[in-house]
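An overview of the molecular structure
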Amino acid sequence: MTGIDSLIPRGTPSALGAAPGVTEDAGAYAATGGYREVIGADELLDRIDGGLRGRGGAGYPTAAKLRAVRDAGPRPVVVANGEEGEPGSVKDRWLLRARPHLVLDGLARAAEITGAERGYVYVSDTAAGERIRRALAERTPRLPCDVVDTPHTYVAGEETAVVRRINGGPALPTAKPPRPFEQGVGGAPTFVANVETLARIALIAAQPDRRRLTARATLVTLAGGGAEPLLAEVPYGCTLRTLARAQGTPEPAGALMGGLFGGLIGPDRLDLALDPDTLAAAGTALGCGAIRFLAPDECPVSLVSAALAHLAAESTRQCGICVAGTGSIRDAVGALTNGTADPGLLTRLQRWSTSLPGRGACGLLDAAAGTAGSLLRAFPHLVRAHLDAPCPGCAAPADSGRLTVPVPYVARRTVPRPRSAASPR
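The text that follows walks through the structure, step by step, so that each part is easy to find. All residue numbers refer to position in the chain's written sequence, counted from 1. A pLDDT threshold of at least 70 governs which residues receive local features in this predicted model, and a stricter bar of 80 or more applies before side-chain atom pairs are shown or counted, although totals over entire chains, interfaces and linings include all residues. Here the side-chain values reflect all heavy atoms present in the structure, with hydrogen atoms and water set aside.

**Brief notes about the overall build of the chain**
Operational definition: Only runs of H or I of at least four residues qualify as helices and only runs of E of at least two qualify as strands under DSSP, and these elements are numbered from the N terminus. Here, two residues are considered to be in contact whenever any of their heavy atoms come within 4.5 Å of each other. Per-residue accessibility takes into account occlusion by the displayed protein chains alone, with areas from the Shrake-Rupley method and a 1.4 Å probe.
Looking only at helices and strands, the chain has 16 helices and 11 strands in total. Considering only contacts within the chain whose residues lie at least 6 apart along the sequence, 74% involve residues at least 24 apart. Accessible area for the chain stands at about 16,200 Å²; split by element, carbon and sulfur atoms hold 51% of it.

See the structure below:
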């Protein structure tokens, strides 16, 4: 896999970048300006309010979430959420392995804004957990911080599942309300933030004059199309077609967006700009930044079948509607792939895609229903053709493993790297 920073235009600050395959220690991070007190907590919050959104998937304004925790009550808690449930995403694990001090710096600054006196780093990746523990041991942290391990599942990173696990329970979502900002870890107001969000908070603190560039760039995991995956930091405004060409799929037949959250888009949507509002207006989503391109000869029905098989297997089986709904959608699309679909199947799929979202405790059922609905919208003629004859491209069984992406190798850096546009200063 190619390293980060591949698509930043020449001369643009590559804020999250580090040399490919290298992780920095405390000395390297401090030497490039990390942990430096440049602005106070109130000013930092104002600058975060300039457009930074959460990078975990929902894209909620970060400043609003920080204020909600700060104002909710005494003794709040802050949590770095590094549990990366989407199979096509690797950015969070890469950040924890390669830039642990950047994440910890952001967590400490979130604590200063909210008034928190304790922090947690929540991980399922063994290598990431080891690197964060080493980083905590390398310097005396301003914020007392514990690392909490969790089994890796699709829903373990949902914020109520994070709180439940830290509180000693299973990593399973709970009913809402209350939400974590109201009542989270130990009953205290809790700020749960994706690790990329925290990294960008640290960068805004270190480089306040570049806050817009920091807020309007994002990490993406690009895969599919028969080419090597690519982890890159890109500015908002890049088109999906540009990303596909950079990843090595110059003429994709479409894309699966936002991990399994944004659904499928057809080739007519590849000139959309990578921007949360633009994508939402087009009926899709950036989500966690994972984008899987379809090769020109790849059948989208087969890809969706693999995605639904993964979601059905990852159901926590807490909600009957999710178990039944996700399983039914999986079986229906599976029937399309093996030539056993009946004439009423498309009507049922269309009904499920609109009636099931919002009825589970987490977003898994929404992802299944939304992915199926997007298949019907993006490739209606192709889907109908599957009713008439078996598809050669769907002959192989659904393999959810085709959705996964390996994390780029990260070694340890023990000397300060040169100051550059990629470094906080």
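The discussion continues.
**Side note on helix H3 (residues 62–72)**
Because each turn of an α-helix spans 3.6 residues, side chains separated by three or four positions in sequence point in the same direction. The following threshold applies: A 1.4 Å probe rolled over the protein chains alone gives each residue an accessible area, and that area as a share of the maximum for its type sets the label: buried under 20%, exposed over 50%, partly exposed in between. This arc corresponds to the set of directions leading from the helix axis out to the C-beta atoms.
Along H3, the positions that sit buried rather than exposed are Thr 62, Ala 63, Leu 66 and Val 69. Viewed end-on, H3 has its buried residues packed into an arc of 130°, placing them on one side of the element. Check the buried side of H3 and you find it contacts helix H2 (41–48), helix H5 (100–114), strand E5 (190–194) and helix H8 (195–206). Following H3 by one or two positions, Gly 73 adopts a phi angle in the positive range, close to 155°.

**Describing helix H4 (residues 91–98)**
Within H4, eight of the eight residues are buried, which leaves the element mostly enclosed by the surrounding structure. Every buried residue of H4 is accounted for by Lys 91, Asp 92, Arg 93, Trp 94, Leu 95, Leu 96, Arg 97 and Ala 98.

**Observations concerning the packing of aromatic side chains**
To keep it simple, the criterion reads: Stacked, edge-to-face and tilted are the three classes for Phe, Tyr and Trp ring pairs, Trp counted by its six-membered ring, which pair at centre distances within 6.5 Å; planes under 30 degrees apart are stacked, over 60 edge-to-face, the rest tilted. Geometrically, a lysine NZ or arginine CZ counts as sitting over a ring once it is within 6 Å of the ring centre and also within 35 degrees of the ring normal.
In this structure the tally under the stated criterion is one aromatic pair. Residues Tyr 29 and Tyr 35 carry aromatic rings whose centres are separated by 5.0 Å and whose planes lie at 85° to one another, so their mutual orientation is edge-to-face. As far as the burial class goes, Tyr 29 and Tyr 35 line up, both buried. Between the NZ or CZ atom of Arg 139 and the centre of the ring of Tyr 35, over which it lies, the distance is 3.6 Å.

**What to know about the pairing of strand E6 (residues 217–224)**
The condition that has to hold: Here a strand pair is declared whenever DSSP counts at least two bridges between the two strands.
Taking burial as the measure, the eight residues of E6 include eight buried ones, the bulk of the element. The pairing of E6 with strand E7 (residues 230–235) spans six bridges and is classified as antiparallel. Across the sheet, the residue bridging to Leu 222 is Leu 230, located in E7. Hairpin remark: E6 followed by E7, antiparallel, with five residues in the connecting loop; positive phi at Gly 225, about 70°. As paired elements, E6 and strand E10 (residues 290–294) share four bridges and run parallel to each other. Along E10, the bridge assignment pairs Ala 223 with Arg 292.

**A closer look at the pattern of salt bridges**
Threshold: The working definition used for a salt bridge is a side-chain nitrogen of Lys or Arg within 4 Å of a carboxyl oxygen of Asp or Glu.
Inspection of the entire model under this criterion finds 29 salt bridges. Note that Arg 93 is salt-bridged to Glu 84, the shortest N-O span being 2.8 Å. Glu 84 sits in the buried class, given a relative accessible area of 4%. A salt bridge links Glu 112 to Arg 142; the nearest nitrogen and oxygen atoms lie 2.9 Å apart. Note that Glu 112 is positioned in helix H5 and Arg 142 in the loop between helix H6 (126–138) and strand E4 (145–149), a separation of 30 residues in sequence. On the basis of relative accessibility, which here comes to 35%, the residue Arg 142 falls in the partly exposed class. Through salt bridges that share partners, Arg 55, Lys 91, Asp 92, Glu 196, Arg 200 and Glu 233 make up one connected network.

**Focus: the pairing of strand E2 (residues 77–81)**
With five of five residues buried, E2 is to be regarded as a mostly interior element. Burial along E2 is two-sided: Val 77, Val 79 and Asn 81 and Val 78 and Ala 80, pointing in opposite directions, are all buried. With five bridges joining them, E2 and strand E3 (residues 118–123) adopt parallel strand pairing. Counted as the bridge partner of Val 78 is Gly 119 from E3. With five bridges connecting them, E2 and E5 associate as parallel partners. Bridge pairing in E5 links Ala 80 to Ala 193.

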